[in-house]
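# Close look at the chain arrangement
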Amino acid sequence: MTWVKICGIARVEDALAAAAAGADAVGFVFYPPSPRAVSPERAAAIAAALPRGIAKVGVFVNEGAARMAEICVRAGLDYVQLHGDEPPEVARALPCPAIRAFGAAPRGAAARIARYPAAAVLVDGARAGFYGGTGTPASRDAIAAARRAPRWILSGGLAPENVAAKIAALAPWGVDVSSGVEASAGVKDANRIAAFVAAVRASGPGPGKAAGRSGASSLGAGRPAA
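The sections below set out a description of the structure shown in this document. Not measured: the values here are computed from a predicted model. (Residues numbered from 1 in each chain as written. Predicted model: local features only at pLDDT ≥ 70, side-chain atom pairs only at ≥ 80, totals over all residues. Heavy atoms only, no water.)

All right, on to the packing of helix α2 (residues 40-49) against helix α3 (residues 65-75) then. Viewed as axis vectors pointing N to C, α2 and α3 meet at an angle of 35°, and their least axial separation amounts to 8 Å. The chirality of how α2 crosses α3 is right-handed. Where α2 approaches α3, its residues Pro40, Glu41, Ala43, Ala44 and Ala47 are matched on the opposing element by Arg67, Ile71, Arg74 and Ala75. In terms of residue class, the contact of α2 with α3 is made up of six nonpolar, no polar and three charged. (Axes fitted to C-alpha atoms, helices over the stretch in contact; angles between N-to-C directions. Helix = DSSP H or I, 4+ residues; strand = E, 2+ residues; numbered from the N terminus. Left-handed = near helix turned anticlockwise from the far one by under 90°. Contact = heavy atoms within 4.5 Å. Nonpolar A, V, L, I, M, F, W, Y, C, P; charged D, E, K, R; others polar.)

Right, here's the structure in full:
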C-alpha cells in the first residue's frame, strides 16, 4: 500500500483522527516560525496517546544534530525529517533514521539524493522564504529527481480531491499531507483526513510495502528502514 503521513499534527484529537483513518505516520513540526510548530513536550504528550504502529516523524529545519537527537528521545520519535540544508554528516549523527526533504532540483540533485544517507526522500513544493507546508505542488524537475530514490514520498498541494490522480500518474512510494486536510493552520479536519486516507487506499496497492502496523523497522506501515 502507498505509505501515508499526516503532517503538522498539533493536537491529540488530530493525531487520533489520523490513526483512526489508517494513516501510517504523523508528523510533528519543530520549526518555531511554522504555525504548526509544537514543543517537544507537546509532541511527547500527543505521541503517548497514539496506538502502537503509528510512526512519529519530527520535522526540522537547519537544527543542530545534538538538539534533534535530544528531541528524538524526549518526544519518542521514530524518524527525523530534514527540511533545511542539512549535510549528510548531520543525518549520520542522528539516533533516528532520516527522511530527506527538498523542494528544488538544481543541477546534480538526483546524484546528491542518491548519496544522501536517508531512509526515504520527500519532495515538496518550493516557495521562496518557506520550508514546506505551503500547499505548493512539487515541480516536475524535483519529482523527476526524487523518483530515482528507492523510496520517495510526494508532498505539496495534495488533498483528498487530487491525491488518487497524483498516485495514478506518478506512483510515489508514499504521500504526505498537511494543509490539504486542515480547517485552519495547525487544526486538522477529521473528515478530510479520513477522505484523504480513503482516497489513497482506493487508488490501488501502490509501491509501498505493507508490513503490518507493528512499528517494525521497515518503511511500510510502520518505520522506514535506514
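Let's shift gears to the environment of Ala120. Along the chain, Ala120 turns up in strand β6 (residues 120-123). The class for Ala120 is buried, based on a relative accessible area of 3%. Spatially, the C-alpha atom of Ala120 lies 7.2 Å from that of Ile153, the residues being 33 residues apart in sequence. (Buried < 20%, exposed > 50% of the residue type's maximum accessible area, 1.4 Å probe, protein only.)

Taken together, the buried positions of helix α7 (residues 163-170) are occupied by Val163, Ile167 and Leu170. Seen end-on, α7 carries its buried residues on one side only, within an arc spanning 90°. Looking at α7, the residues exposed on the side facing more than 90 degrees away from the buried face are Ala165, Ala168 and Ala169. Contacts from the buried residues of α7 go to α6 (140-146), β7 (152-154), β8 (174-177) and α8 (190-202). Two residues or fewer after α7 comes Ala171, characterised by a positive phi angle close to 50°. (Arc of directions from axis to C-beta.)

So, about the sheet that holds strand β2 (residues 25-29). Overall, parallel pairing links the eight strands, which are arranged β1-β2-β3-β4-β5-β6-β7-β8 in a closed barrel. Across this sheet, the average inter-strand angle for adjacent strands is 25°, counted without regard to direction. Pairing analysis gives two bridges linking strand β1 (residues 3-6) to β2, with the strands arranged parallel. The residue bridging Lys5 from the neighbouring strand is Ala25, located in β2. (Pairing = 2+ DSSP bridges.)

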